[in-house]
Amino acid sequence: MSALPADFVLNNLSRRGFLKGVGATGALVVAASWGLPDAFAADAVKKYGGDAMPHGLIDDPKVYVSIATDGTVTVICNRSEMGQGVRTSLSLVVADELDADWAHVKVQQAPGDEVRYGNQDTDGSRSMRHWYEPMRRCGASVRAMLEQAAAEQWNVPVGECRAQLHKVIHQPSARELGYGELATAAGALAVPARDSLRLKQPSEFRYIGKEGVKAIDGADIVNGRAVYGADVHFAGMLYATVARPKVYGGKVKSFDASAALKVPGVV
Amino acid sequence: MITLKLNGQDHSLDVTEDMPLLWAIRDVAGYNGTKFGCGMGLCGACTIHIDGAPARSCITPIGAVKGQAISTIDNLHTDPIGQVVQQAWLDTAVAQCGYCQGGQIMSATALLKTNPNPSDAQIEEAMVGNICRCGTYNRIKTAIRQAATHLQEAKA
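These remarks concern the structure in this document. (Residues numbered from 1 in each chain as written. Chains lettered and ligands numbered in written order. Predicted model: local features only at pLDDT ≥ 70, side-chain atom pairs only at ≥ 80, totals over all residues. Heavy atoms only, no water.)

1. With respect to the interface of chain B and chain A
Test applied: Whether two residues are in contact is decided by their heavy atoms, any of which lying within 4.5 Å being enough. Any Lys or Arg side-chain nitrogen located within 4 Å of an Asp or Glu carboxyl oxygen qualifies as a salt bridge. Comment: elements are numbered from the N terminus, with helices defined as DSSP H or I runs of at least four residues and strands as E runs of at least two. Classification convention: Asp, Glu, Lys, Arg as charged; Ala, Val, Leu, Ile, Met, Phe, Trp, Tyr, Cys, Pro as nonpolar; all other residues, Gly among them, as polar.
Tallying the contact residues gives 19 residues for chain B and 14 residues for chain A. Put simply, chain B and chain A have two salt bridges between them. Between D231 of chain A and K35 of chain B there is a salt bridge, and its shortest N-O distance comes to 2.5 Å. A total of four residues in the side of chain B that touches chain A trace back to one element, the largest contributor, which is helix α2 (residues 80-91) of chain B. Grouping the constituent residues of the side of chain B that touches chain A by class yields seven nonpolar, seven polar and five charged.

2. Some details on the sheet that holds strand β4 (residues 161-164) of chain A
All names here are of chain A. To keep it simple, the criterion reads: Note on pairing: DSSP must find at least two bridges between two strands before they are called paired. Lines fitted to the C-alpha atoms define the axes, with helices restricted to the stretch that makes contact. Angles between their N-to-C directions range from 0 to 180 degrees.
Pairing is antiparallel in the open sheet, where three strands are placed in the order β4-β5-β6. Looking along the sheet, the strands with just one partner apiece sit at the ends: β4 and β6 (175-178). Across this sheet, the average inter-strand angle for adjacent strands is 25°, counted without regard to direction. Here four bridges tie β4 to strand β5 (residues 167-170), and the two strands are oriented antiparallel to one another. If you follow C161 over to β5, its bridge partner there is H170.

3. Thoughts on unusual backbone geometry
The phi angle of most residues is negative, glycine excepted, and most peptide bonds adopt the trans form. All names here are of chain A. Going by this rule: Between buried and exposed lies partly exposed: a residue is buried under 20% and exposed over 50% of the maximum accessible area for its type, with that area taken using a 1.4 Å probe on protein chains only.
With phi around 70°, H55 is a residue other than glycine that occupies positive phi space. Accessibility expressed as a relative area gives 48% for H55, which makes it partly exposed. In this structure, N155 is a non-glycine residue whose phi angle is positive, near 60°. Along the polypeptide, N155 turns up in the loop between α7 (127-154) and β4.

4. As for the pairing of strand β1 (residues 2-6) of chain B
Residue and element names in this part refer to chain B. On β1, burial follows the alternation: I2, L4 and L6 on one face are buried, whereas T3 and K5 on the facing-out side are not. Across five bridges, the pairing between β1 and strand β2 (residues 9-13) is antiparallel. Note on β2: the bridge partner recorded for L6 is Q9. The turn linking β1 back onto β2 is made up of two residues, and N7 within it adopts a positive phi angle of 50°. As paired elements, β1 and strand β5 (residues 69-71) share two bridges and run parallel to each other.

5. Topic: empty space enclosed by the protein
Quick reminder of the rule: Put plainly, a pocket is an open set of points on a 1 Å grid over the protein atoms alone with protein on both sides within 12 Å along at least five of seven lines, a cavity is a set where a 1.4 Å probe fits but cannot get out, and a lining residue has an atom within 4 Å of a point. Grid points are joined across faces, edges and corners, and a volume is the space filled by probe spheres set on the points. Start and end positions for the domains come from either an automated domain assignment or a database one.
Going through the model one piece at a time under the given rule, you end up with two cavities of 30 Å³ or more. Approximately 50 Å³ is the volume attributed to the largest cavity. Contributing to the lining of the largest cavity are I221, G224, R225, A226 and Y228 of chain A together with G33, K35, G98, Y99 and G102 of chain B. Looking at side-chain class alone, the lining of the largest cavity contains four nonpolar, four polar and two charged residues. Estimated volume of the second largest cavity: approximately 30 Å³. In terms of lining, the second largest cavity is formed by G33, T34, K35, A45, T47, I73, G102, G103 and M106 of chain B. Counted by class, the lining of the second largest cavity contains three nonpolar, five polar and one charged residues. The residues that make up the lining of the second largest cavity include at least three from each of domain 1 (1-73) and domain 2 (78-152) of chain B.

Next comes the structure, spelled out in structure tokens:
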């Protein structure tokens, strides 16, 4: 695999956008708009992968990442944990691009809300395939916002500020500010444009593909604190159970609830 | 009213004597670490300690344990041997979904309390009633061996 240049910038360049760009300096797009208008219209709306899922992908870091003034980074996990480790893996991707210290990262489970969190189906081994890039962009956006906030505070060019392991460093003056110290100022900044983000080179990864990171829920599991569906209680909550026939393929002939309704608590 | 000695405290519970201990622990006393798996004593997810011995709380009526000390995974971190087992579980990264692991850890702790240096056969015999849908059995065994080693080292 050839190495990407150090100043590589991820561009979200669609085919239609590319043709428009070419059109500004050439005649290609004119010919295309005469000859194949329907094909290009379809190309613009056709979606693939995570984008094609209901409610698609969301990469707004203000939805997925927050940093408290004590430096605690909280990442929202929009997928269901079933032992596949998704609460750890998606948070880890954010933490890596953010260059966060994993010891100060927490995960918070998203409620079911696809308008806010994008597609939440947890099936088909799709969570990481579909959400790797959006989660990286979330982490990279917050990293850029922290660097920007530090640059403004020090009144230095942002290019001289580098986020590294939970702090932003200004190398020329050897000053540094922790993520917690920068959290409020960074949170007030606009989210950088997707096309301006600098994603890490694989050689820069701190956690992705590395050994030694423990599951984020490990301590909760061994202490009986992990919350499963059956552990969720609401006031006045009712419980339902399925009454199954005693024979395979049995069908309901008649139903009489009177005996069951005499049991205390059955409604 | 039934008084349950649970995790070092007396709980007065307004339940009938035939209520499964698991329901009393989870739904009435509010300790959620012990899990419902099968409700028939077949899977081990509901394993607790009754006076230190492992038992399936889903098939134990609360009326049968009056006056006995019940402890659950929620309070195991206060037990010196329990702590060693929990740390071995973390070091070995045993859990996947984790739903059965509270019961696994309770069975393993009870084993090491009576037999601090079990053979592989003894580990298998003690753990045979705890099943794991994720299939973490090999790591469970590794963790128990590690915990046993630590207990031996601490004694020496």
